[in-house]
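# Observations on the model geometry
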Amino acid sequence: MPCALITGITGQDGSYLTEFLLDQGYTVHGLVRRTSSLERSNLRHLCSNPAVFGKTLHLHSADLERPITFLRILQRVNPDEIYHLAGQSHVGLSFDMAETTADSIAMGTLRILEIVREHPAPVRLFHATSSEIFGRPTVSPQDESTPLNPVNPYGAAKAFATQMIRIYREKFGLHLTNGILYNHESPRRGENFVTRKICRTAAAIKLGLATEVRLGDTSARRDWGDARDYVRGMWLSLQQPAGDDYVFATGVLHSVQEVLELAFAEVGLNWRPYVHRDERLVRPPETCTLVGDSSKVCRLGWQPATDFAALIRWMVSAELEAMSHTPRDVDPA
Ligand code: GDD
């Protein structure tokens, strides 16, 4: 039975990846921050399933700031594959929390690399990096050869970690893979990311639980995919004989306004009266848009779901469903 160890297992990607790996017959071990609440996490359905929890899914308390805990768990679990997904993941917040961001992403990844380097058994590692490493790219679309040019603390930390993966792969011959992930969404997305924020508030307005949504730049465009496709790609990339870098993207751009149009249409409302611009949420201007070229990983058999409209509709209906069962106030910030 193959065995995987996941950092950041309670997040959107960690939870979908866990489901995918369990379906593939893996035993999954996840690292959970001591402060995380499992009851509210994306794993609660698996943790409350006695056929899974403690049998094929095991959770371990660990903070990546203390590498000794990771070392002990790695030695005990001895996984075939490590999926490193943990780290502060909000670009806007990274300007307010630059040190925390750098520590969790840049140093967190380096600490894991140092431990993996000394690990006596062969292990494959997937590192979830980001299109933000390209920052203001000079080419569009971007691929694995696009130069790194980050423009925010999050992107800079990811660029460091991405480059260290490349350096350790080359220097020590380790099976290390960078997945350069463009935006990928689902109902499990964090509430402060723009698609989830919009879908959640559209549903809340429909149910009379909110009255408005405050946003930054609604003309901003992103390459948005479906998180379930991206975790399948993570696994696929680790099944290759050697580590490598792969871009995961749809190659199609949409604007924040298109998210608004689709989400509010799904609840039968016109978005315009409910949306207010908040200057505090506006980020530095983007001169070149982040859109990815995934040809390399597509040659391995990966295909993204390109139906952006279906993705947004799915997210809105999940919010309606959840709020109909447990109505609660929605924080518009
Ligand atoms: N979060 C947020 N909130 N974004 C807003 C808002 C708002 O109120 N208004 C406009 N936006 C714009 C942002 O400026 C950005 O252009 C776009 O919406 C998407 O923002 P996010 O959903 O916060 O995602 P992101 O692109 O900054 O980062 C995500 O994708 C990266 C990969 O490309 C995160 O998942 C990163 O961790 C990931 O690496």
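Data block above holds the structure.
Residues numbered from 1 in each chain as written. Predicted model: local features only at pLDDT ≥ 70, side-chain atom pairs only at ≥ 80, totals over all residues. Heavy atoms only, no water.

### Considering the overall build of the protein
Along the protein, the regular secondary structure elements total eleven helices and 13 strands. The C-alpha atoms of the protein give 20 Å as radius of gyration, which agrees with the globular expectation for 333 residues (20 Å, within 12%). A principal-axis box enclosing the C-alpha atoms of the protein has dimensions of 60 × 50 × 40 Å. Taken across its 333 residues, the protein has 53% of its residues classed as buried. Long-range contacts, defined here as pairs at least 24 residues apart, represent 79% of the contacts in the protein between residues at least 6 apart. Just so you have it, the protein exposes about 14,800 Å², and 51% of that area is on carbon and sulfur atoms. Of note, the protein has its 35 positive side-chain charges centred 3 Å away from the centre of its 38 negative side-chain charges. (Helix = DSSP H or I, 4+ residues; strand = E, 2+ residues; numbered from the N terminus. Rg over C-alpha atoms; globule rule 2.2 N^0.38 Å. Buried < 20%, exposed > 50% of the residue type's maximum accessible area, 1.4 Å probe, protein only. Contact = heavy atoms within 4.5 Å. Areas by Shrake-Rupley, 256 points an atom, 1.4 Å probe, with all protein chains shown as cover. Lys, Arg positive; Asp, Glu negative; His and termini not counted. Charge placed at Lys NZ, Arg CZ, Asp CG, Glu CD.)

### Topic: the sheet that holds strand β5 (residues 124-130)
Across the sheet, which stays open at both edges, the seven strands sit in the order β3-β2-β1-β4-β5-β6-β11 with parallel pairing between neighbours. Two strands in the sheet have a free side with no partner beyond their single neighbour: β3 (57-61) and β11 (245-248). Between one strand and the next, the sheet's axes are offset by a mean angle of 20 degrees, whatever the strand orientation. Inspection of the sheet shows strand β1 (residues 3-7) paired to strand β2 (residues 27-32) by five bridges, in the parallel sense. Opposite Ala 4, over in β2, you have Val 28 as the bridge partner. Strand contacts of helix α3 (residues 67-77): β1, β2, β3 and β4 (81-84), with the helix running at about 165 degrees to β1, the strand carrying the most contacts. (Pairing = 2+ DSSP bridges. Axes fitted to C-alpha atoms, helices over the stretch in contact; angles between N-to-C directions.)

### Points about helix α6 (residues 153-172)
In an α-helix there are 3.6 residues to a turn, and that puts residues three or four apart on one side. For α6, which comprises 20 residues, the first-to-last C-alpha distance of 28 Å matches the rise-based estimate of 28 Å (1.5 Å per residue) to within 8%. For α6, every residue scored as buried is listed here: Tyr 154, Gly 155, Ala 157, Lys 158, Ala 159, Ala 161, Thr 162, Met 164, Ile 165, Arg 166, Tyr 168 and Arg 169. On its buried face, α6 sits against α4 (91-94), α5 (98-118), β5, β6 (175-181) and β11. Gly 173 lies just past α6 and shows a positive phi near 65 degrees. (Expected span 1.5 Å × (residues − 1).)

### Examining the pairing of β1
For β1, the buried fraction is high: five of the five residues fall into the buried class. Burial along β1 is two-sided: Cys 3, Leu 5 and Thr 7 and Ala 4 and Ile 6, pointing in opposite directions, are all buried. Of the crossover connections in this fold, the one passing from β1 over helix α1 (residues 12-23) to the parallel β2 is right-handed. (Right-handed = clockwise from strand over helix to strand, strands pointing away.)

### Let's talk about the state of the cysteines
Counted under the stated rule, the structure contains zero disulfides. No disulfide involves Cys 3; its sulfur sits 17 Å from the nearest other cysteine sulfur, which is in Cys 47. (Disulfide = S-S within 2.5 Å.)

### Here we look at the environment of Arg 166
Within the secondary structure, Arg 166 is located in helix α6. Non-local contacts of Arg 166, meaning those with residues more than four positions away in its chain, are made with Glu 144, Leu 148, Asn 178, Ile 180 and Asp 245.

### A look at the pattern of salt bridges
Scanning the model with the defined rule gives 19 salt bridges in all. A salt bridge links Asp 103 to Arg 111, with the shortest nitrogen-to-oxygen separation between them at 3.0 Å. Arg 232 is the salt-bridge partner of Asp 229, the closest N and O atoms lying 2.8 Å from each other. Here Arg 232 and Asp 229 lie together in helix α8 (residues 227-238), a separation of three residues that amounts to about one turn. Residue Asp 229 is classed as buried on the basis of its relative accessible area of 10%. Connected through salt bridges with shared partners, the residues Glu 191, Arg 196, Arg 200 and Glu 319 form a single ionic network. (Salt bridge = Lys/Arg side-chain N within 4 Å of Asp/Glu carboxyl O.)

### Thoughts on the packing of aromatic side chains
The final tally for this structure, using the stated rule, is seven aromatic pairs. With a centroid separation of 5.4 Å and 85 degrees between ring planes, the pair formed by Tyr 230 and Trp 302 is classed as edge-to-face. Highlighted residues: Tyr 230 in helix α8 and Trp 302 in the loop between α10 (295-298) and α11 (308-325), separated in sequence by 72 residues. Residue class for Trp 302 comes out buried when judged on its relative accessible area of 0%. An aromatic cluster is built from Tyr 230, Phe 248 and Trp 302, whose rings are joined through pairwise contacts. A cation over an aromatic ring shows up here: Arg 188 above the ring of Tyr 16, its NZ or CZ 4.0 Å from the ring centre. Here Arg 228 stacks its cationic end above the ring of Trp 314, 3.8 Å away from the centre of that ring. (Phe/Tyr/Trp six-rings, centres within 6.5 Å; stacked < 30°, edge-to-face > 60°. Lys NZ or Arg CZ within 6 Å of the ring centre and 35° of its normal.)

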